[in-house]
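Structure at a glance
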Amino acid sequence: MSLLMRFFTLVVNVLCLPLHVIHAVGLYEIYKRVFPICLYRISITYNKKMHDKKKELFRSLPEFIKPGGQLTLLEIGCGTGTNFEFYPPGCKVICTDPNPHFQKYLDKSMGENDHLTFERFVVASGEDMGSVEDGSVDVVVCTLVLCSVNSIPQTLREAHRILRPGGAFFFLEHVVADASTWAYFFQHVLQPAWYYFGDGCEVTRDTWKHLEAAGFSELKLRHIQAPFLFLIKPHIVGYAVK
């Protein structure tokens, strides 16, 4: 299947040549202005289908509140703010995203979630959150983000850096399918086109391996099958403690 997969991946790459050229000359930046609109609509559907999984995951957030304190949470790649409804009342939220064009949708989500305290929105990539101090947050949240960062290990190092000792990194990510499946085959074949549709999203990442190697003291991770298109059906969910 490997040779067949490589052949069809090459075919798709050839078909994507106009997109490769658009990206190379810098015109793809226009899509970054449109992408928040697309993601906002997609996120509504995603939240409906994954509501119970998100609720179950974030139910553990209060466990990381320091005695007598307020939960301080930083979300990497906050996008349109679709996770806000799952955060506990009184939680202080710091939002980061490399795309500044999400601001309009963030403002809307913030207005709809007044049970939270929003500290600031930082335009920053997951690999470089230098404006956030070491050990300054209780929880870092990252959902559907590690598929598109330039470096998963560096993003995890940054998350580890800004977490206080005993803090936790919460994640929900789609990942590559089992190598023996047709889903794996089509993930690799269609990846060149998917990259542009998803603003850098890669469906071929074995993200759990990076989490296992990230140096957290405890890792609670589950593989699940989400109710979506086969390309993004395999997911991992859980949290890691510093």
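This write-up is about the structure you can find in this document. As the structure is a prediction and not an experimental result, all values here were calculated from the model. (Residues numbered from 1 in each chain as written. Predicted model: local features only at pLDDT ≥ 70, side-chain atom pairs only at ≥ 80, totals over all residues. Heavy atoms only, no water.)

1. Focus: the packing of aromatic side chains
Applying the stated rule across the entire model yields 24 aromatic pairs. Grouping aromatic residues by their ring pairs yields a cluster made of F58, F64, F84, F86, Y87, F118, F170 and Y239. (Phe/Tyr/Trp six-rings, centres within 6.5 Å; stacked < 30°, edge-to-face > 60°.)

2. A few points about the side chain of E158
Of note, E158 is situated in helix α5 (residues 152-162). Residue classification places E158 among the buried positions, given a relative accessible area of 9%. Looking at E158, its side chain comes within polar contact range of the main-chain nitrogen of M129, at 2.6 Å. For E158, the contacting residues outside a window of four places in its chain are G126, E127, D128, M129 and G130. (Helix = DSSP H or I, 4+ residues; strand = E, 2+ residues; numbered from the N terminus. Buried < 20%, exposed > 50% of the residue type's maximum accessible area, 1.4 Å probe, protein only. Polar contact = N/O pair within 3.5 Å; in protein donor to acceptor, adjacent residues only side chain to side chain. Contact = heavy atoms within 4.5 Å.)

3. Points about the nonpolar core
If you look at the biggest cluster of nonpolar residues, it comprises 36 residues, and the most contacted ones within it are Y87 and F170. Going through the elements one at a time, α3 (29-58), β2 (92-97), α4 (103-112), β4 (137-143), β5 (163-174) and β7 (234-241) are the ones with two or more residues in this core. Per-element accounting of this core gives the leading share, four residues, to α3. In contact with F170, other than residues within four places in its own chain, are L57, F58, S60, L61, F64, V139, V140, V141, C142, G238 and Y239. In terms of nonpolar packing, the next biggest core, distinct from the first, is built from 27 residues, I162, F169, L211 and F216 among them. (Core = buried A, V, L, I, M, F, W, Y, C linked by side-chain atoms within 4.5 Å.)

4. Description of α3
Spanning 30 residues, α3 covers only 33 Å between terminal C-alpha atoms, well under the ideal 44 Å at 1.5 Å per step. Its maximal kink placed at M50, α3 deviates by approximately 70 degrees. Within α3, the full set of buried residues consists of Y31, F35, P36, S43, Y46, N47, M50, K54, L57 and F58. Contact partners of the buried residues in α3: α4, β4, β5, α6 (182-197), β6 (218-225) and β7. (Expected span 1.5 Å × (residues − 1). Bend = angle between axes of the 7 residues up to and from the residue.)

5. Here's the deal with the environment of S180
Assignment of secondary structure puts S180 in the loop between β5 and α6. Looking at S180, the relative accessible area reads 63%, which means it is exposed. Only 2.5 Å separates the side chain of S180 from the side chain of D178, close enough to count as a polar contact.

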